[in-house]
Structures are given as structure tokens and as C-alpha cells.
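Close look at the chain arrangement
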Amino acid sequence: MNNPLKINTKSKSYSLQDSALYKIKSKRRLLSLLNLSHQELKSLLSDGNYNIYQDNTQEKPRLIEHPQRQLERIHTRIASLLCRIKQPEYIHSGIKGKSHLTNARTHIGPAPTLTTDIKSFYQATHIHSVFDFFKNSLDCSPDVAKLLSELCTCNGHIPTGSRISMPLAYWANAHMFNELYRYSSERDIIMTVFVDDITFSGNKVTRTFKQNVKKIIEKHNHVMHPTKTVLHKENSLKVITGAVVGSKKLQIRNLHHESIYSELSQWMLIRDENSKNSSIFTEQIKNRLLGKINSQGQIDNRFKDKARSIKNYRKV
């Protein structure tokens, strides 16, 4: 049985120039870093090394491009190296101690807020942007940058279902994010990024600011999502990376309340049944319910008490 692969930063954090990926000038050094032979490298450069399928478990179907085991190992290795490179403070995704909630909390307050995301972010980050990152930012030789960009992309773009997707998408688009950050900071506007969600808050967040953000994004060959871009007025509630943000605190979304109480009602109806099948079903609902309650407990402490009472419940 294969051991599960996971990103391992070894608790390291350093500058881009101190990365093991920096200034790789020979194929031999690249092969050594990735623990690959010439033949293995050659076999991994085709798009046939991905399992491609449609995920229909969410409201909107998503195309998943997941690397097969050998390529997945290489992606995990490269992702581990990328995740050790320090990222700007405005990034809240893929960083220990940060989350969608720290991202949302940054914007608590009455100021006008702009929320947007990059349409089809991974698919819109093309191989040439990945090549530019390895060649120009990491100063690899052109042939090494070409190999790395081919290893790390599927059908000419960043894959949608790999461990490498999130960190590489940031670094391949760092120039765009940094330009947006500079433009915001010059106007005393707070900017945060969570994967492809970008949020701006401050007194100078206006329609003109929104249009200029749009221009910067388009300059870097991306599109501001037309239906997910909202300019929130001063003192209004806004949804930021899944949390409702008010003037003084985070709040739980109504749809999350409804989902929790629907499953809680279902669990309370069947929790004391004794058949084997009902016990399995009850445990599944209980675990799903606890997952939702624990998630919302990070916003509202009252849910932590509810989770404890469900965990400690014993059949009568």
C-alpha cells in the first residue's frame, strides 16, 4: 500500500533566493533534486499522467485534473519546496495559522469593501506564466524552466487537482498580486488574497477603484469574475471567503445555520435506534454534523458547546 503523500515544509521559511529551486542551471541538478532518472522524467512530461474527471459533488460541476502517483510524488516535492518560500502578509491560503476566517477577519469594520475572484484561476494560468516564474523569478536556465513548466502543467495550464496548484498559481501570478497590493496600499486600502478570492476594504474603495483593479487584472491576462464581484457599501454586511463580516465581528451565514439545524433534527430523530444499519447511518450523520458545527465554532463559541453535547451523548 502506498504511503499518503503530503506537503512537507519541515517548518522552514526562507526567501526565494534561498530555495533549492533557485538558479538550477542543469538538468542533472534538477533530476537529483526530484530524485528522478532521465527516463522517468521523459515519461512524466505527457498529459497522459493525469486522471481527468468531473466532480459533481458541489453545486457547480468542476473539472478535476489529478496527477497519477509518480507525477503526484513530483508535484508534492515541488509544492513542498514552493511552500517554504515566504509569501507576503496579504496571502491567507496555504499558510499555517491562516485560513479563510483570518482572511475574513482582516476586513471587520464599517469601511466599503470590494470582493472579487479570478475567473477559472488555475485554467487561466498558462504554461508561459509558469515558465516565466521558473526562468525569471527563480533564475533557472531556459531548458530547466521549460522542463519544470511542462512537469507542473496539464493541457497547457496549472492543473485543477494537484497539491502544486495553489502555491504555483500564486507564484506564477505574483506580479499581478503585488501590483494590486501596491495600488491598494498607496490608497490606505487593505488587501487580502485567499487562493483566487481577492478582498479590498477601505474608505477609498469606490467604483473607480474597482475599475482600476479590473484593468490591472486584465493587464495580466486574467478576468475579474463578473458574477462574483461585489462592491459593498459602508456599514453593510458582506460575505468574505464563506463568512459574514460585519462592522464588529464575524457572523455565521444563514445557509450554514439551516444546514446544521436540518442535520441536527435528523440526528435527534434516529439517534436512539438500535439496528445495525441505523447505527451506521446515525454515525455518518453525527460525524458530518460535528464537522459543520466545529467549523462554525471558529466563528461562534456557542457551537463548541453544542459539539461537546453531541459528542458526549449516550443512547437511553
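Heads up: the structure comes first, above all this text.
Attention here is on the structure that accompanies the text. (Residues numbered from 1 in each chain as written. Predicted model: local features only at pLDDT ≥ 70, side-chain atom pairs only at ≥ 80, totals over all residues. Heavy atoms only, no water.)

**Concerning the packing of aromatic side chains**
- By the definition in use, this model includes nine aromatic pairs.
- For the pair Phe121 and Phe177, a centre-to-centre distance of 6.0 Å together with 75 degrees between the ring planes defines the contact as edge-to-face. Linking Phe121 in helix H5 (residues 121-124) with Phe177 in helix H9 (residues 174-185), this pair joins segments that are 56 residues apart in sequence.
- By relative accessible area, Phe121 is classed as buried at 3%.
- Among the residues examined, Phe177 registers a relative accessible area of 0% and is labelled buried. (Phe/Tyr/Trp six-rings, centres within 6.5 Å; stacked < 30°, edge-to-face > 60°. Helix = DSSP H or I, 4+ residues; strand = E, 2+ residues; numbered from the N terminus. Buried < 20%, exposed > 50% of the residue type's maximum accessible area, 1.4 Å probe, protein only.)

**Quick notes on the pattern of salt bridges**
- Counted under the stated rule, the structure contains nine salt bridges.
- Residue Asp139 pairs with Lys23 through a salt bridge whose shortest N-O separation is 3.9 Å. With a gap of 116 residues between them, Asp139 in the loop between helix H6 (127-137) and helix H7 (142-151) and Lys23 in the segment before helix H1 (27-34) connect regions that are remote in the sequence.
- When the shortest N-O distance is used, the salt bridge between Glu179 and Lys219 registers 2.8 Å. Of this pair, Glu179 sits in helix H9 while Lys219 sits in helix H10 (residues 207-219); the two residues are 40 residues apart in sequence, bridging distant segments of the chain.
- Residue Glu179 is classed as buried on the basis of its relative accessible area, which comes to 19%.
- Accessibility expressed as a relative area gives 52% for Lys219, which makes it exposed. (Salt bridge = Lys/Arg side-chain N within 4 Å of Asp/Glu carboxyl O.)

**Some words on the pairing of strand S5 (residues 197-201)**
- Taken across its five residues, S5 has four buried, putting it largely inside the fold.
- Pairing of strand S3 (residues 113-117) with S5 involves five bridges; the strand directions are antiparallel. Bridge pairing links Thr116 to Ile198 in S5.
- In this sheet, S5 lies alongside strand S4 (residues 190-194) in antiparallel orientation, the contact comprising five bridges. When the sheet's bridge partners are listed, Val193 is paired in S5 with Ile198.
- Linking two consecutive strands that pair antiparallel, namely S4 and S5, is a turn of two residues; a positive phi of about 60 degrees is found at Val195 within it. (Pairing = 2+ DSSP bridges.)

**Structural notes on the packing of H6 against helix H8 (residues 165-172)**
- As a packed pair, H6 and H8 sit with axes 9 Å apart at the nearest point and diverge in direction by 75 degrees. The pairing of H6 with H8 is recorded here as roughly perpendicular in orientation. From H6, Ser129, Val130, Phe133 and Phe134 reach across to H8, where they touch Leu168, Trp171 and Ala172.
- Classifying every residue of the contact of H6 with H8 by side-chain character gives six nonpolar, one polar and no charged. (Axes fitted to C-alpha atoms, helices over the stretch in contact; angles between N-to-C directions. Parallel < 35°, antiparallel > 145°, perpendicular 65-115°, else oblique. Contact = heavy atoms within 4.5 Å. Nonpolar A, V, L, I, M, F, W, Y, C, P; charged D, E, K, R; others polar.)

**Observations concerning the state of the cysteines**
- Scanning all chains against the criterion turns up zero disulfides.
- In this model Cys83 remains outside any disulfide bridge; the closest cysteine sulfur is found in Cys152, 12 Å from its own.
- The exposure class assigned to Cys83 is partly exposed, which follows from its relative accessible area of 24%.
- Not part of a disulfide, Cys152 finds its nearest cysteine sulfur in Cys140, a span of 11 Å.
- Take Cys152: its relative accessible area is 0%, and that puts it in the buried class. (Disulfide = S-S within 2.5 Å.)

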